[in-house]
Amino acid sequence: TLSSSSAASDVYKRQPCCAPWRGTDARRAHARRAVRRRAHAAGILCVAAHCKHLHALDITRLPLVSDTAVSAIAQSCAGMRELRLYASSQYTSAPIVDVATHCPQLRLLDCTGHNRLTDDALRALALGCPSLTSLNLSWATKLTDAGVVAIARACRDLRLLSVHGVLGITDVSIRALGEHVRGLEALDVRGCTAAASREPDKLREIIPSVRVFVVHT
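Residues numbered from 1 in each chain as written. Predicted model: local features only at pLDDT ≥ 70, side-chain atom pairs only at ≥ 80, totals over all residues. Heavy atoms only, no water.

### Observations regarding the packing of helix H6 (residues 145-154) against helix H7 (residues 171-180)
Then comes step 1: Remark: H6 packs on H7, axes separated minimally by 9 Å, with the N-to-C direction vectors making an angle of 5°. Between H6 and H7, the angle falls in the class roughly parallel. Along the contact surface, H6 presents Asp-145, Val-148, Val-149, Ala-152 and Arg-153, while H7 presents Val-172, Ser-173, Ala-176, Leu-177 and His-180. (Axes fitted to C-alpha atoms, helices over the stretch in contact; angles between N-to-C directions. Helix = DSSP H or I, 4+ residues; strand = E, 2+ residues; numbered from the N terminus. Parallel < 35°, antiparallel > 145°, perpendicular 65-115°, else oblique. Contact = heavy atoms within 4.5 Å.)

Quick look at the structure:
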């Protein structure tokens, strides 16, 4: 497992240019922030090249990481099971399609805030990653029922789904989840104002297995 902070910390320890800043905690923190900013741009490509057996990666809130870098991770790390791309609105659908194509063992994907993610990318995920158990699509505002229905039909082991704040989601998605995903335990449809059944009591009538109604906080 590799996170953005651990990767940056490792880079920091190896950087001789940071040595003059190691006198105080404040200077060490400043050095780490400086190295982390540099790591964002090229570090993920380095990970892709040298960590081909990586199973989990968290690159939350790294605005300088590009589509190309995430695609490189997908193409190099076929055994990836958990990928967190939280709060990174710079991505298009292209790297998610690459993840779907090259990472068939994926179980967890967090695309919170991906406001350029499309239904076509979800269709690709449904086709390529049927073993998904956790999918966070909060604030992925371009999505509609078409993408969620594709996920519901293919990813029968899904346990957690959040489409918090996605206005294109209606009761069509909720009914598809109730029909195809019998073990769904957590479903966040808060803010999906076009879904008449978004309140917990109504959700339970359609998907009795759901017990958690707040995923995105």
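### A few points about unusual backbone geometry
Then comes step 1: Not every positive phi belongs to a glycine, and Arg-61 is a case in point at roughly 55°.
Then comes step 2: Looking at the element boundaries, Arg-61 is found in the loop between strand E2 (56-58) and helix H3 (67-76).
Then comes step 3: The exposed category is assigned to Arg-61, whose relative accessible area is 51%.
Then comes step 4: A positive phi angle, close to 60°, is found at Trp-139, a residue other than glycine.
Then comes step 5: The topology assignment puts Trp-139 in the loop between strand E5 (134-136) and H6.
Then comes step 6: For Trp-139, a relative accessible area of 42% translates into the label partly exposed. (Buried < 20%, exposed > 50% of the residue type's maximum accessible area, 1.4 Å probe, protein only.)

### Brief notes about the nonpolar core
Then comes step 1: Counting 61 residues, the largest nonpolar core has Leu-137 and Leu-161 as the members making the most contacts within it.
Then comes step 2: Leaving out residues up to four positions away in the same chain, Leu-137 has contacts with Cys-111, Leu-117, Leu-122, Leu-143, Leu-161, Ser-162, Val-163 and Val-166. (Core = buried A, V, L, I, M, F, W, Y, C linked by side-chain atoms within 4.5 Å.)

### Comments concerning the side chain of Asp-145
Then comes step 1: Counting through the fold element by element, Asp-145 comes out in helix H6.
Then comes step 2: Arg-175 provides the closest opposite charge to the buried, unpaired Asp-145, separated from it by 7.5 Å.
Then comes step 3: Separated by 2.5 Å, the side chains of Asp-145 and Ser-173 make a polar contact.
Then comes step 4: Among residues more than four places away in sequence, those in contact with Asp-145 are Gly-168, Ile-169, Thr-170, Val-172 and Ser-173. (Lys, Arg positive; Asp, Glu negative; His and termini not counted. Salt bridge = Lys/Arg side-chain N within 4 Å of Asp/Glu carboxyl O. Polar contact = N/O pair within 3.5 Å; in protein donor to acceptor, adjacent residues only side chain to side chain.)

### Regarding helix H4 (residues 94-102)
Then comes step 1: When we look at burial in H4, the residues that qualify are Pro-95, Ile-96, Asp-98, Val-99 and Ala-100.
Then comes step 2: Of the surrounding secondary structure, the elements contacted by the buried residues of H4 are H3, strand E3 (82-84), strand E4 (108-110) and helix H5 (119-128).

### A few points about the pattern of salt bridges
Then comes step 1: This model, assessed by the stated rule, comprises four salt bridges.
Then comes step 2: Two residues, Glu-82 and Arg-84, come together in a salt bridge whose shortest N-O distance is 3.0 Å.
Then comes step 3: Looking at Glu-82, the relative accessible area reads 31%, which means it is partly exposed.
Then comes step 4: Residue classification places Arg-84 among the partly exposed positions, given a relative accessible area of 29%.
Then comes step 5: Across the pair Arg-204 and Asp-201 runs a salt bridge, and its minimum N-O distance is 3.3 Å. Of this pair, Arg-204 and Asp-201 both sit in helix H8 (residues 200-206), separated by three residues, roughly a single helical turn.
Then comes step 6: The partly exposed category is assigned to Arg-204, whose relative accessible area is 37%.

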